[in-house]
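# Notes for the structure review
The primary structure of each chain is shown beneath.
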Amino acid sequence: EYMEIAEQQKAIGDSRGAVQACYIAADWYHLEKAEFLYGNYCENILGDMDAAAEYYGKAAQQGNADAQYRYGKCLEIGTGVPKNPGEAVIWYQKAAAQGQEDASQELEQRKRAREDAQKRLDEERRKEKEKKQREELEREREKTEKIIQACEKTLKQTTTSKIKTEKKRSKVDKALDKVIDISSDILDAPVKTESLSD
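Together, Lys-164, Lys-167, Lys-168, Lys-171, Lys-174 and Lys-178 give the surface a local cluster of positive charge. With respect to the helices and strands, Lys-178 occurs in helix α7 (residues 101–188). By relative accessible area, Lys-178 is classed as exposed at 59%.

Moving on to the nonpolar core. Grouped together as the largest cluster of nonpolar side chains are 26 residues, with contacts concentrated most on Tyr-38, Tyr-56, Tyr-71, Leu-75 and Val-81. Among the secondary structure elements, those contributing two or more residues to this core are α2 (15–27), α3 (32–46), α4 (49–61), α5 (65–77) and α6 (85–97). Broken down by element, the residue count for this core peaks at seven residues, all from α4. Leave out the neighbours within four places in its chain, and Tyr-56 touches Phe-36, Gly-39, Asn-40, Glu-43, Ala-67, Arg-70, Tyr-71 and Cys-74.

Next up on the list: α2. Here α2 spans 18 Å end to end across 13 residues, near enough to the 18 Å set by a 1.5 Å rise per residue. Listing the buried residues of α2 in full gives Gly-17, Ala-18, Val-19, Ala-21, Cys-22, Ile-24, Ala-25 and Ala-26.

For the rest of this paragraph, the subject is the side chain of Arg-110. With respect to the helices and strands, Arg-110 occurs in helix α7. In terms of polar contacts, Arg-110 uses its side chain to reach the side chain of Glu-76, at 2.7 Å. Other than its neighbours up to four places away in sequence, Arg-110 contacts Glu-76, Val-89 and Tyr-92.

Before going further, it helps to examine the pattern of salt bridges. A complete count under the given rule lists 12 salt bridges for this structure. Between Glu-54 and Lys-58 there is a salt bridge, with the nearest N and O atoms lying 3.2 Å from each other. Placement of the pair is Glu-54 and Lys-58 together in helix α4, with a separation of four residues, close to one helical turn. Here the salt bridges do not stand alone but share partners, grouping Lys-73, Glu-76, Glu-106 and Arg-110 into one network.

On to the environment of Gly-63, then. Along the polypeptide, Gly-63 turns up in the loop between α4 and α5. Taking C-alpha positions, Gly-63 is 10.0 Å from Trp-91, a pair spaced 28 residues apart along the chain. Beyond its immediate chain neighbours, meaning those up to four positions away, Gly-63 contacts Gln-68 and Gln-98.

Here α6 contains 13 residues, and its C-alpha end-to-end distance of 18 Å stays within 8% of the 18 Å for a straight helix at 1.5 Å per residue. Inspection of α6 places Ala-88, Trp-91, Tyr-92 and Ala-95 among the buried residues, and these make up the whole buried set. One side of α6 carries all its buried residues, which in axial view fall inside an arc of 105°. Where α6 is buried, its residues contact α4, α5 and α7.

Tallying each qualifying case throughout the model produces six aromatic pairs. With 5.0 Å between their ring centres and 55° between their planes, Tyr-23 and Tyr-38 make a pair best called tilted. Placement of Tyr-23 in helix α2 and of Tyr-38 in helix α3 is noted, with a sequence separation of 15 residues between them. For Tyr-23, a relative accessible area of 31% translates into the label partly exposed. An aromatic cluster of three or more residues is present, and its members are Tyr-23, Tyr-38, Tyr-41 and Tyr-55. Between Lys-58 and the ring centre of Tyr-55, over which it is positioned, the NZ or CZ distance is 4.8 Å.

This paragraph deals with a negative patch on the surface. Where like charges cluster on the molecular surface, the negative patch consists of Asp-173, Asp-177, Asp-181, Asp-185 and Asp-188. According to the relative accessible area criterion, Asp-177 is partly exposed, its value standing at 44%.

A separate point is the packing of α2 against α3. Two numbers describe how α2 lies on α3: the axes approach to 8 Å, and their chain directions differ by 130°. Considered as vectors, α2 and α3 are oriented oblique to each other. Crossing geometry of α2 relative to α3 is assigned as left-handed. Residues Val-19, Cys-22, Tyr-23, Ala-25 and Ala-26 of α2 lie in contact with α3, whose contacting residues are Ala-34, Glu-35, Leu-37, Tyr-38 and Tyr-41. Looking at the contact of α2 with α3, its residues break down into nine nonpolar, no polar and one charged.

What counts, and where the lines are drawn
- Residues numbered from 1 in each chain as written.
- Predicted model: local features only at pLDDT ≥ 70, side-chain atom pairs only at ≥ 80, totals over all residues.
- Heavy atoms only, no water.
- Patch = residues over 30% accessible without salt bridge, like charges linked within 9 Å, V, L, I, M, F, W, Y side chains within 5 Å.
- Areas by Shrake-Rupley, 256 points an atom, 1.4 Å probe, with all protein chains shown as cover.
- Salt bridge = Lys/Arg side-chain N within 4 Å of Asp/Glu carboxyl O.
- Lys, Arg positive; Asp, Glu negative; His and termini not counted.
- Charge placed at Lys NZ, Arg CZ, Asp CG, Glu CD.
- Helix = DSSP H or I, 4+ residues; strand = E, 2+ residues; numbered from the N terminus.
- Buried < 20%, exposed > 50% of the residue type's maximum accessible area, 1.4 Å probe, protein only.
- Core = buried A, V, L, I, M, F, W, Y, C linked by side-chain atoms within 4.5 Å.
- Contact = heavy atoms within 4.5 Å.
- Expected span 1.5 Å × (residues − 1).
- Polar contact = N/O pair within 3.5 Å; in protein donor to acceptor, adjacent residues only side chain to side chain.
- Arc of directions from axis to C-beta.
- Phe/Tyr/Trp six-rings, centres within 6.5 Å; stacked < 30°, edge-to-face > 60°.
- Lys NZ or Arg CZ within 6 Å of the ring centre and 35° of its normal.
- Axes fitted to C-alpha atoms, helices over the stretch in contact; angles between N-to-C directions.
- Parallel < 35°, antiparallel > 145°, perpendicular 65-115°, else oblique.
- Left-handed = near helix turned anticlockwise from the far one by under 90°.
- Nonpolar A, V, L, I, M, F, W, Y, C, P; charged D, E, K, R; others polar.

Purely geometric numbers; function is a separate question.
Written out as structure tokens, the structure is:
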């Protein structure tokens, strides 16, 4: 009856009478439609988000899909109730299950946001992995470069040592050749014999 009165008052332009009838239907008789409408009045006309959240919550508990969506918004933002995004999603899901379009869009946006966030995370992980691989390759390249440098140094030292050894051998060979030449000269020289009498 009070909802009918509210409709009649609205039809004749008596918004105050309509709101009073709606308030009675909501507060005294706990009609979910009246609770939602009064919550809407509190939010959009009075700007009283505490009252709006209270009445949206009451109507949501009774299964009003629009109230479930609006109550979810209150929870998500933290207007009139403590902020609780996790519980907000539950109310969006309840409203969407009844075909409430705003709730369905909200859930779809959240799904896309999660997918986008996962793509960004996957991309960051891929880039980090590539960076680590590049760093590992650079470390391996530096290690290889050091090994090559050490090998070149050793080869150079070995070559230098070999050249020095060959030079020493060459000097020794030359000295031996001189000794042999002198020995040959000595052996080939005629022996002078002097008489014993002299």
